[in-house]
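# Working through the structure, step by step
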Amino acid sequence: MNAMTRRIVIGTAAVSMAVSLAACGKAGDDKESGGGDGKTIGLLLPENKTTRYETFDRPIMEAKIEALCGDCKVKYNNAAQDTETQKKQFDALVTQGVKVIILDTVDFKAAKSWVQQAAKKDVKVVAYDRLAEGPISAYVSYDNEKIGQLQGEALVKALGAKAKDSNVVMINGSPTDPNAPFFKRGAHSVLDKQVKKVVYEQDIPDWSADEANKKMGAAIDSLGKDGFQGVYSANDGMAGGIITALKNQGVKVPVGGQDSELAGLQRIIAGEQAFSIYKQIKPEAETTAEIAVRLLKGEKIDDLAPVKVDSLSGEFKGTPSKLYDASVVTKENIASTIVADKVYKVEEICTAQYKAACDAAGIK
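The text that follows walks through the structure, step by step, so that each part is easy to find.

## Brief notes about the overall build of the protein chain
Along the backbone of the protein chain there are 14 helices and 13 strands. What you see for the protein chain is a C-alpha radius of gyration of 20 Å, in line with the 21 Å of a compact globule of 364 residues. The proportion of buried residues among the 364 residues of the protein chain is 57%. Here the contacts in the protein chain between residues at least 6 apart in sequence split such that 76% fall between residues at least 24 apart. Here the protein chain has roughly 14600 Å² of accessible surface; of this, 48% comes from carbon and sulfur atoms. Of the charged side chains in the protein chain, 48 are positive and 49 negative; the average position of the first set lies 2 Å away from that of the second.

The following block contains the structure:
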């Protein structure tokens, strides 16, 4: 794997790391206990719009931390997509003497100075999902360019025999998320060769579903209802906004996403969304938890982070990392992936509104 490929990997996994290591103590604003006791891990997540952070990554991480370190504490905060808020949360952890911080950044470039200052105080930072700039001690994520390729390939497959003659709209992720350029690059590497043309493309600040909805509306106004045959959406949340805009104009074309959020899976079952990307959260979250605990104890992490990754700027090289693979989820394999891995139960996906569609898809 070359440096570029490794840098690409900077991303989606962040969630796992982000998980609140609370299990080792109490997750939350544990302000009473001093952090400089060698038993505290800080956990900073970037936002709460994406359901996986609080629903999956955090509790999985908590359970793993508790299993590995029964007397550890976790100090958890969520930045609600505000960089300055996250900086204050980070600085507070350092001031309190916390020596290991799991950081899923709101803005990867802004975090550089924080991480540099923390390193001077021997604070270890584990970058989760998004690789922050700076002297990071470890990084856990996915191969994000490969995820973009999977998305592109899945959209081409959804377009079928008409792919070569199809125009595509691309709605990309947030400019402050270091993963977004890699999803975009990976998708372009496929779409630029296998569809007619990308005729409209926008990056969406904060991964906002509302903004994606507006941009999709603008694309329809600009291109006409017949001016495109498919839509690439960088994640499921934005896909929801995009599909609403399409419905409002009476347009039906394949739309893909990422993250396998419950609402996205239900849209797939209903035939409104063509696919999503499934990233196994448990191994990523547990690896992150174990890395954090080992760093807290001063132990080696080589076996847990066997890959070396450079920062997006190239300034910080050779960060010990673990990069996980992902897979495409469609109506045909939800049962063998999402349900089989117990991400969601059948009854959670197949509510009354979707029961007939689930029965038709053989999801029971």
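Back to the write-up after that little detour.
## A closer look at the state of the cysteines
Among covalent bonds in proteins, the disulfide is the one between the sulfur atoms of two cysteines. Tallied over the full model, the rule gives 2 disulfides. Two residues share a disulfide in this structure: cysteine 69 and cysteine 72, whose sulfurs sit 1.7 Å from each other. Sign of the S-S torsion, about 80° for the bond between cysteine 69 and cysteine 72, identifies this disulfide as right-handed. For cysteine 69, a relative accessible area of 5% puts it in the buried group. Look at cysteine 72 and you get buried, because its relative accessible area is 1%. The residue that forms a disulfide with cysteine 350 is cysteine 358, at a sulfur-sulfur distance of 2.0 Å.

## A word on the sheet that holds strand β7 (residues 197-203)
Here we have 4 strands laid out as an open sheet, ordered β7-β6-β8-β9, and parallel in their pairing. Bordering the open sheet on either side are β7 and β9 (255-256), each of which pairs with just one other strand. Bridge count for strand β6 (residues 167-172) against strand β8 (residues 230-233) is 4 bridges, and the pairing is parallel. When the sheet's bridge partners are listed, valine 168 is paired in β8 with glycine 230. On top of the sheet, helix α7 (residues 180-194) reaches β6, β7 and β8; it is set at about 175° to β6, its chief contact.

## Digging into the packing of aromatic side chains
By the definition in use, this model includes 4 aromatic pairs. Considering the side-chain rings of phenylalanine 56 and tyrosine 344, the 5.3 Å spacing of their centres and the 85° angle between planes classify their relative orientation as edge-to-face. Taken as a pair, phenylalanine 56 in helix α3 (residues 52-68) and tyrosine 344 in the loop between α12 (335-339) and α13 (346-349) lie far apart in primary sequence, 288 residues in all. Accessibility assignment for this pair places phenylalanine 56 and tyrosine 344 in one class, buried. An angle of 70° between the planes, with centres 6.3 Å apart, marks the rings of phenylalanine 183 and tryptophan 207 as edge-to-face. Here the residue phenylalanine 183 occupies a position in helix α7, and tryptophan 207 occupies one in the loop between β7 and α8 (209-223), the gap between them amounting to 24 residues. With respect to burial, phenylalanine 183 and tryptophan 207 carry one shared label: buried. The side chain of lysine 279 reaches across the aromatic face of tyrosine 142, ending 5.7 Å from its centre.

Each value, and the rule that gives it
- Residues numbered from 1 in each chain as written.
- Predicted model: local features only at pLDDT ≥ 70, side-chain atom pairs only at ≥ 80, totals over all residues.
- Heavy atoms only, no water.
- Helix = DSSP H or I, 4+ residues; strand = E, 2+ residues; numbered from the N terminus.
- Rg over C-alpha atoms; globule rule 2.2 N^0.38 Å.
- Buried < 20%, exposed > 50% of the residue type's maximum accessible area, 1.4 Å probe, protein only.
- Contact = heavy atoms within 4.5 Å.
- Areas by Shrake-Rupley, 256 points an atom, 1.4 Å probe, with all protein chains shown as cover.
- Lys, Arg positive; Asp, Glu negative; His and termini not counted.
- Charge placed at Lys NZ, Arg CZ, Asp CG, Glu CD.
- Disulfide = S-S within 2.5 Å.
- Pairing = 2+ DSSP bridges.
- Axes fitted to C-alpha atoms, helices over the stretch in contact; angles between N-to-C directions.
- Phe/Tyr/Trp six-rings, centres within 6.5 Å; stacked < 30°, edge-to-face > 60°.
- Lys NZ or Arg CZ within 6 Å of the ring centre and 35° of its normal.

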